[in-house]
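# Architecture at a glance
So the chains spell out like this:
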Amino acid sequence: MSNTLSGDSQDQRHWFTEIHPATGSAFSLKLHGKLHQADSPWQRIAVYATEAFGNLMVIDGYIMLSGRDNFLYHEMMAHPALFTHPHPRRVLIIGGGDCGTLREVLKHPAVETATQVDIDEAVTRASERYFPELCESNDDPRAQLCFEDGLAWVKNVAPASYEVIIVDSTDPIGPAEGLFAQPFFSDCHRALSADGLLVQQSESPLFHLESILAPLHRKLRTAGFADTHTLHFPQCVYPSGWWSATLARKTGRVDDFRTADAAAKPFTTDYYNAEIHRAALATPEFMRRALAGAG
Ligand code: SAM
């Protein structure tokens, strides 16, 4: 994928466009201007002010989040997993440096510790400045922010350290490549308690079903997870406008969630509720066929 500024020839400096050559598609947002750029040892982080989507964070040319629609992704990365595990006390977030998933996790009163391990502190510093609403829970005494490679963290942590692991990573390239690989899932399986649960951001059901989603299910099952299931939700700033999170449980079924607790959630959300959770579990026919042999 590459990123260029495009749009009509009169106006091209005023648009951010993420082009997806493999699918012959692109997504553009009209800009007011560039607010920030930083080159860390791992990646180039940029933040733009857009005309209609609030601030926009881009890493290595790929859109990470916009102020307008990040609630969809962050809520669906956190709440289905936390309302599926029977008692999620210790939560690990790998990646997630913008802190939006952390904020959602900390809305759950049962959570005692939420450890976020992002390889790149520069992402969190940019988020604190340009997305302060996502960082409003960073000072919660239950939160621990670490800046290390998530692969090493999970490999070295004591067995059964967490009830829930959330992998809120960039696309499977660069430092995130290993976060989609079999050895990482085996390490996560070991790091989870006996009834532990993992959720991984798993790209677009439309664009990445064969290349990422089906192999992801196979790798999770090989790592020892008893059940895997992909939930899907809209996300207009990501390729195809449709995104997914894949849940994997060591014991029990992913579609067996705490519906009464979800329906009586003691906090506000903008997208997630028990009905959305149930709907996101429904598997479209083309996905059912492609994933049939994968699980
Ligand atoms: N949901 C977003 C998306 O799909 O576009 C991802 C948001 S979050 C900003 C992704 C984070 O993953 C980045 O901050 C990046 O630094 C982090 N990351 C990438 N590889 C990592 C690794 N090996 N260990 C820990 N964090 C990693």
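Residues numbered from 1 in each chain as written. Predicted model: local features only at pLDDT ≥ 70, side-chain atom pairs only at ≥ 80, totals over all residues. Heavy atoms only, no water.

### Here we look at the domain arrangement of the protein
Partitioning the protein into domains gives domain 1 (5–66) and domain 2 (70–291). Placing a centre on the C-alpha atoms of domain 1 and another on those of domain 2 gives a separation of 25 Å. At the interface, 23 residues of domain 1 touch 20 residues of domain 2. Of the roughly 2000 Å² buried where domain 1 meets domain 2, counting both sides, 71% is carbon and sulfur surface. Remark: the boundary between domain 1 and domain 2 carries zero salt bridges. At the junction of domain 1 with domain 2, the criterion picks out six residue pairs in polar contact (both at pLDDT 80 or more). (Domains from an automatic or database assignment. Contact = heavy atoms within 4.5 Å. Buried area = accessible area lost by both parts, 1.4 Å probe. Salt bridge = Lys/Arg side-chain N within 4 Å of Asp/Glu carboxyl O. Polar contact = N/O pair within 3.5 Å; in protein donor to acceptor, adjacent residues only side chain to side chain.)

### Examining the sheet that holds strand β11 (residues 192–201)
The seven strands are arranged β9-β8-β7-β10-β11-β13-β12 in an open sheet whose pairing can be described as mixed. The two strands at the open ends of the sheet, each matched to only one other strand, are β9 (143–146) and β12 (227–234). Between one strand axis and the next, the sheet turns through 15° on average, direction left out of account. One ladder, built from five bridges, connects strand β7 (residues 90–95) with strand β8 (residues 113–117); its direction is parallel. Along β8, the bridge assignment pairs R90 with T113. Strands in contact with helix α5 (residues 182–191) are β7, β10 (162–168) and β11; relative to β11, the strand with the most contacts, it is inclined by about 140°. Set on the sheet, helix α6 (residues 209–222) makes contact with β11, β12 and β13 (242–249); between it and β12 the angle comes to about 150°. (Pairing = 2+ DSSP bridges. Helix = DSSP H or I, 4+ residues; strand = E, 2+ residues; numbered from the N terminus. Axes fitted to C-alpha atoms, helices over the stretch in contact; angles between N-to-C directions.)

### A short note on the environment of I165
Residue placement: I165 occurs in strand β10. With sequence-adjacent residues up to four places away left out, I165 is seen in contact with L92, I94, C188, A191, L192, L197, L198 and V199.

### A closer look at the packing of aromatic side chains
By the definition in use, this model includes eight aromatic pairs. Aromatic pair F184 and F185: ring centres 5.6 Å apart, planes at 55°, arrangement tilted. Here F184 matches F185 in class, with each residue buried. Consider the rings of W242 and F286, whose centres lie 6.0 Å apart with planes at 50°: the pair is tilted. Here W242 is found in strand β13, whereas its partner F286 is found in helix α9 (residues 285–292), with 44 residues between them in sequence. Among the residues examined, W242 registers a relative accessible area of 22% and is labelled partly exposed. (Phe/Tyr/Trp six-rings, centres within 6.5 Å; stacked < 30°, edge-to-face > 60°. Buried < 20%, exposed > 50% of the residue type's maximum accessible area, 1.4 Å probe, protein only.)

### Quick word on the pairing of β13
Burial analysis of β13 places seven of its eight residues in the buried class, which makes it a mostly covered element. As paired elements, β11 and β13 share five bridges and run antiparallel to each other. Residue pairing in the sheet places L197 in a bridge with R249 of β13. The pairing of β12 with β13 spans eight bridges and is classified as antiparallel. Across the sheet, F233 pairs through a bridge with W243, a residue of β13.

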